[in-house]
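# Coordinates in review
Here is how the chains run, residue by residue.
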Amino acid sequence: MNKNAKVYIAGHRGLVGSAIVRNLQGKGFTNLLTRTHAELDLTSQAATDAFFAQEKPDYVFLAAAKVGGILANNNFPAKFIHDNLAIQTNIIHAAYLNKVKRLLFLGSSCIYPKLAPQPMKEEYLLTGPLEATNRPYAIAKIAGIEMCWSYNRQYGTRYLAVMPTNLYGPGDSYDLDTSHVIPALIRKFHEAKQANAKEVVVWGSGTPRREFLYSDDMADACVFLMNLSDEKCDSLLGSDESRTGQFEPPLINIGVGEDVTIRELAQTVKCAVGFEGEIVFDTSKPDGAPRKLLYVGKLSALGWQATVGLKAGIGLAYDDYFKQAGARL
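To keep things clear, this report deals only with the structure shown in the data block. (Residues numbered from 1 in each chain as written. Predicted model: local features only at pLDDT ≥ 70, side-chain atom pairs only at ≥ 80, totals over all residues. Heavy atoms only, no water.)

## Topic: the packing of helix 10 (residues 262–273) against helix 12 (residues 310–325)
- Across the interface, helix 10 lies against helix 12 with an axial gap of 10 Å and an inter-helix angle of 50 degrees. The angle between helix 10 and helix 12 places the two elements in the oblique class. Handedness of the crossing formed by helix 10 with helix 12: right-handed. From helix 10, Leu265, Thr268, Val269, Ala272 and Val273 reach across to helix 12, where they touch Leu310, Lys311, Ile314 and Tyr318.
- Its residues assigned to classes, the contact of helix 10 with helix 12 comprises seven nonpolar, one polar and one charged. (Axes fitted to C-alpha atoms, helices over the stretch in contact; angles between N-to-C directions. Helix = DSSP H or I, 4+ residues; strand = E, 2+ residues; numbered from the N terminus. Parallel < 35°, antiparallel > 145°, perpendicular 65-115°, else oblique. Left-handed = near helix turned anticlockwise from the far one by under 90°. Contact = heavy atoms within 4.5 Å. Nonpolar A, V, L, I, M, F, W, Y, C, P; charged D, E, K, R; others polar.)

## Brief notes about the sheet that holds strand 10 (residues 251–254)
- In space, the six strands of this open sheet follow the order 2-1-3-4-5-10, with parallel pairing throughout. A single partner strand is all that each edge strand has here, and the edge strands are strand 2 (32–33) and strand 10.
- The sheet contact formed by strand 1 (residues 7–10) and strand 2 spans two bridges and is parallel. Within strand 2, the residue paired with tyrosine 8 across the bridge is leucine 33.
- Sheet contacts for helix 4 (residues 77–97): strand 1, strand 3 (59–62), strand 4 (102–106) and strand 5 (159–164); angle to strand 3, the most-contacted strand, approximately 170 degrees. (Pairing = 2+ DSSP bridges.)

## Considering the side chain of threonine 133
- Within the element layout of this structure, threonine 133 appears in the loop between strand 4 and helix 5 (135–155).
- The exposure class assigned to threonine 133 is buried, which follows from its relative accessible area of 13%. (Buried < 20%, exposed > 50% of the residue type's maximum accessible area, 1.4 Å probe, protein only.)

## Quick notes on helix 1 (residues 15–26)
- Over its 12 residues, helix 1 runs 17 Å from end to end, which matches the ideal 16 Å to within 8%, given 1.5 Å per residue.
- A large share of helix 1 lies buried, amounting to nine of its 12 residues.
- Residues of helix 1 that are buried include every one of Leu15, Val16, Gly17, Ser18, Ala19, Ile20, Val21, Asn23 and Leu24, and no others.
- On its buried face, helix 1 is in contact with strand 1, strand 2, strand 3, strand 4, strand 6 (166–168) and helix 7 (215–226).
- Once helix 1 finishes, glycine 28 follows within two positions and takes phi at roughly 95 degrees, a positive value. (Expected span 1.5 Å × (residues − 1).)

## Quick look at the pairing of strand 3
- Neither face of strand 3 is open: one carries Tyr59 and Phe61, the other Val60 and Leu62, and all of them are buried.
- Here strand 1 pairs with strand 3 via four bridges, running parallel. Opposite isoleucine 9, over in strand 3, you have phenylalanine 61 as the bridge partner.

## Regarding the environment of lysine 121
- Within the fold, lysine 121 resides in the loop between strand 4 and helix 5.
- Look at lysine 121 and you get partly exposed, because its relative accessible area is 29%.
- Lysine 121 has contacts with Tyr112, Asn253 and Tyr295, leaving out every residue within four places of it along the chain.

## A look at the nonpolar core
- Ranked by internal contacts, the top residues of the largest apolar core, which has 41 residues, are Tyr8, Phe52, Ile91, Leu103 and Tyr112.
- Elements supplying a minimum of two residues to this core: strand 1, helix 2 (45–55), strand 3, helix 4, strand 4, helix 5 and strand 5.
- In terms of residues, this core owes the most to one element, helix 5, which gives seven residues.
- Those residues within four positions of leucine 103 in sequence are excluded, and the remaining contacts are Val60, Ile91, Ile92, Ala95, Cys148, Arg158, Tyr159, Leu160 and Met226.
- Core analysis: the next-biggest nonpolar cluster, separate from the first, contains 36 residues, Val7, Ile20, Val21 and Leu160 among them. (Core = buried A, V, L, I, M, F, W, Y, C linked by side-chain atoms within 4.5 Å.)

Everything listed here is a matter of geometry and, on its own, says nothing about what the molecule does.
See the structure below:
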């Protein structure tokens, strides 16, 4: 990417989008396009088409999405599938109409089957049933991958889907009703510490294993992939399965290649916050998939690896929680 190229970051206020903006600014990119939801409703086809026709971005990071944890996915399944299908459909088609050079579509590791072999390789897509608690969201993201694949085949576009593992970091949501596990735990342990509580209750058995990636690492991987040479980029765009017989979607995993149990995660957050009480696991609550570890060999072979470890990253995330909450150490 030329440093003066027009780069649109859809979802620039979110966890991933804000990290991509920071990364691009740090690398000297000067022509970044951003719009808030109030300025541009991406679920509106007319509004999205008008924006692209006027601005004509050269590159697009599609990080806008309706996201949330198990509770949010359970409570609002229709909202999750509708909004995500609308957002990605509008952006991908508008990118094609306006000759965007490259588009990076951000998906989620929940696209893989609930009981997929571990670590999960890109080729495991569509090989088994999904985890029921986030199936509507996962199906929307799978549709986005298929859109990228279809547009590449029919129109010769360069649209690549990236599948991040569980993310956390600056700008995360700490709403207990909608947040993911790390920000939820940070808030729970902090509030328990402030209240001198004797225990913190964590959903599930604590035995599922999860992989976590710091959001600034995720952003760096996205910018790295967007900057690949045409030859390397094209090697990731998959094949026409109807002709080759090979199932090769335009898909690449982004992760750290190692995981921890939810029990270990809770203990790490407890130590970072300084809570001295006990951790109690509520086994009446759902665990979700037993394990979700991404295979990252394809990305590693290209020369990229994560740099922020989990312990250090949770410390940084806790600092961010203080800033958001207006608290002081």
